[in-house]
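Architecture at a glance
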Amino acid sequence: MTSISKRLQAILSSIESAKQHAHVDQTVQLLAVSKAQAAAAIREAYAAGQRQFGENYLQEALDKQAQLSDLAILWHFIGPIQSNKTQSIAQHFDWVHSVDRLKIAQRLNDARANISTPLQVCVQINISNEASKSGVLVADLQATVAAIAKLPHLQLRGLMAIPAPSQDLSVLRQQFKQVRQCYDNLLALGYQLDTLSIGMSDDYAVAIEQGATIVRIGSALFGARAK
Ligand SMILES: *Cc1c(COP(=O)(O)O)cnc(C)c1O
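To keep things clear, this report deals only with the structure shown in the data block. (Residues numbered from 1 in each chain as written. Predicted model: local features only at pLDDT ≥ 70, side-chain atom pairs only at ≥ 80, totals over all residues. Heavy atoms only, no water.)

1. With respect to the overall build of the protein
Using the following cut-off: By definition, any uninterrupted DSSP run of H or I lasting at least four residues is a helix, any uninterrupted run of E lasting at least two residues is a strand, and each is numbered from the N terminus. Computation of the radius of gyration draws on C-alpha atoms, with the globule rule given as 2.2 Å multiplied by the number of residues to the power 0.38. Buried residues are those whose accessible area, probed at 1.4 Å on protein chains only, stays under 20% of the maximum for their type, while exposed residues exceed 50% and partly exposed ones sit between those limits. Here, two residues are considered to be in contact whenever any of their heavy atoms come within 4.5 Å of each other. In these tables, accessible area is a Shrake-Rupley quantity obtained with a 1.4 Å probe, and a residue counts as shielded only by the protein chains included in the view. In this charge count, Lys and Arg are treated as positive and Asp and Glu as negative; neither His nor the chain ends contribute. A single reference atom marks each charge: NZ on Lys, CZ on Arg, CG on Asp, CD on Glu.
When helices and strands are counted, the protein shows nine helices and nine strands. Taking 227 residues into account, the globule formula puts the C-alpha radius of gyration at 17 Å, and the protein, at 17 Å, falls close to it. Seen through its C-alpha atoms, the protein measures out along the principal axes to roughly 50 × 40 × 30 Å. Counting all 227 residues of the protein, 51% fall into the buried class. Put simply, of all contacts in the protein between residues at least 6 apart along the chain, 58% involve residues at least 24 apart. Counting only carbon and sulfur atoms, one obtains 51% of the accessible surface of the protein, whose full area is about 10,600 Å². Of the charged side chains in the protein, 21 are positive and 18 negative, and the gap between their average positions amounts to 3 Å.

Pasting the structure below:
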């Protein structure tokens, strides 16, 4: 086995342990975050069974997609989105986790009109309420979700968040709890959501405990990034 394949198996089994330890039973999918990794590393993870990959930078992703067009990969866009990139993102990705304002959602929707399957989207929320961080503020979430849910070429799947970094797991837990609360509130309002995209290499066990259904893991799978 290659080291990527070994690490993949180790992560999948630690996802299962985290579920057992926390007594939760939601389905948790691994999104392999391949930013700054070569196409060959993605190919290796694919050969080991991984199908869903997340990228942050459009041009880098397009280059790798071209090199990997023989593989049946589901591509997730998880990085910040500039308006002038929405056309290409809507055409070249299956999922977008980082929808952080209505205008971006509308542009993605318009750009997806010629494809029969809707773009699968999560709304990114700003849980730390820092003006500098991207994401919809909790106070604006309901209105934004209501508008996005009406867009015909997007399928709203749930919420994504990146907590403010902390070494303290209880601080991270508190932030994940808040995302979960927002998610539960939307479910109670009748939105049919199934995706809570929280948790990265260092905190995915805590995110799973708080209900994560997708964990976005880069360095624990591929090793440290060069940039
Ligand atoms: C880079 C990145 C990840 C993965 O981070 P790791 O700590 O390497 O697992 C997850 N989500 C987003 C949005 C990222 O930008």
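2. Some points on the packing of aromatic side chains
The cut-off we apply is this: Two rings from Phe, Tyr or Trp (for Trp, the six-membered ring) form a pair when their centres sit within 6.5 Å of each other. Planes less than 30 degrees apart are called stacked, planes more than 60 degrees apart edge-to-face, and all others tilted.
Tallied over the full model, the rule gives two aromatic pairs. Relative to W75, the ring of F53 lies with its centre 6.3 Å away and its plane at 45°, an arrangement referred to as tilted. With F53 in strand β2 (residues 52-55) and W75 in strand β3 (residues 74-77), the pair connects residues that are 22 residues apart, well separated along the chain. Like F53, the residue W75 is buried in the burial classification. When the centroid spacing of 5.2 Å and the interplanar angle of 80° are considered together, the rings of F77 and F93 count as edge-to-face. Of the two residues, F77 sits in strand β3 while F93 sits in the loop between α4 (86-92) and β4 (95-99), which places them 16 residues apart along the sequence.

3. Details of the site of the ligand
Selection rule: A single heavy atom is enough: if one lies within 4 Å of a molecule or strand, its residue is considered near that molecule or strand. Between N or O atoms, a polar contact is any pair within 3.5 Å; within protein, one atom must be a potential hydrogen donor and the other a potential acceptor, and residues adjacent in sequence are included only when both atoms are from side chains. Just so you know the grouping, Ala, Val, Leu, Ile, Met, Phe, Trp, Tyr, Cys and Pro go in nonpolar, Asp, Glu, Lys and Arg go in charged, and all remaining residues, Gly too, go in polar.
Near the ligand the following residues occur: V33, K35, N56, I78, I162, M200, S201, R216, I217, G218, S219 and R225. N56 has a polar side-chain atom sitting 2.6 Å from an oxygen atom of the ligand. In isolation the ligand offers 390 Å² of accessible surface; the protein chains occlude 89% of this area. Here the residues of the shell around the ligand are counted per class, giving five nonpolar, four polar and three charged.

4. Notes on the pattern of salt bridges
Definition in use: Whenever a carboxyl oxygen of Asp or Glu lies within 4 Å of a side-chain nitrogen of Lys or Arg, that contact is scored as a salt bridge.
Scanning the model with the defined rule gives eight salt bridges in all. A salt bridge links R157 to D194; the shortest N-O distance between them is 3.0 Å. Of this pair, R157 sits in strand β7 (residues 154-160) while D194 sits in the loop between α7 (169-188) and β8 (195-197), and the two are 37 residues apart along the sequence. Judged by its relative accessible area of 40%, D194 is partly exposed. In this structure, R173 and E209 form a salt bridge, with 2.6 Å as the shortest nitrogen-oxygen distance. Remark: E209 occurs in helix α8 (residues 204-209) and R173 occurs in helix α7; sequence separation between them is 36 residues. We classify R173 as partly exposed; its relative accessible area is 26%. Overlapping salt bridges bring together E55, E60 and K64 as one network.

From the geometry alone we can't say anything about function, so treat these as descriptive.
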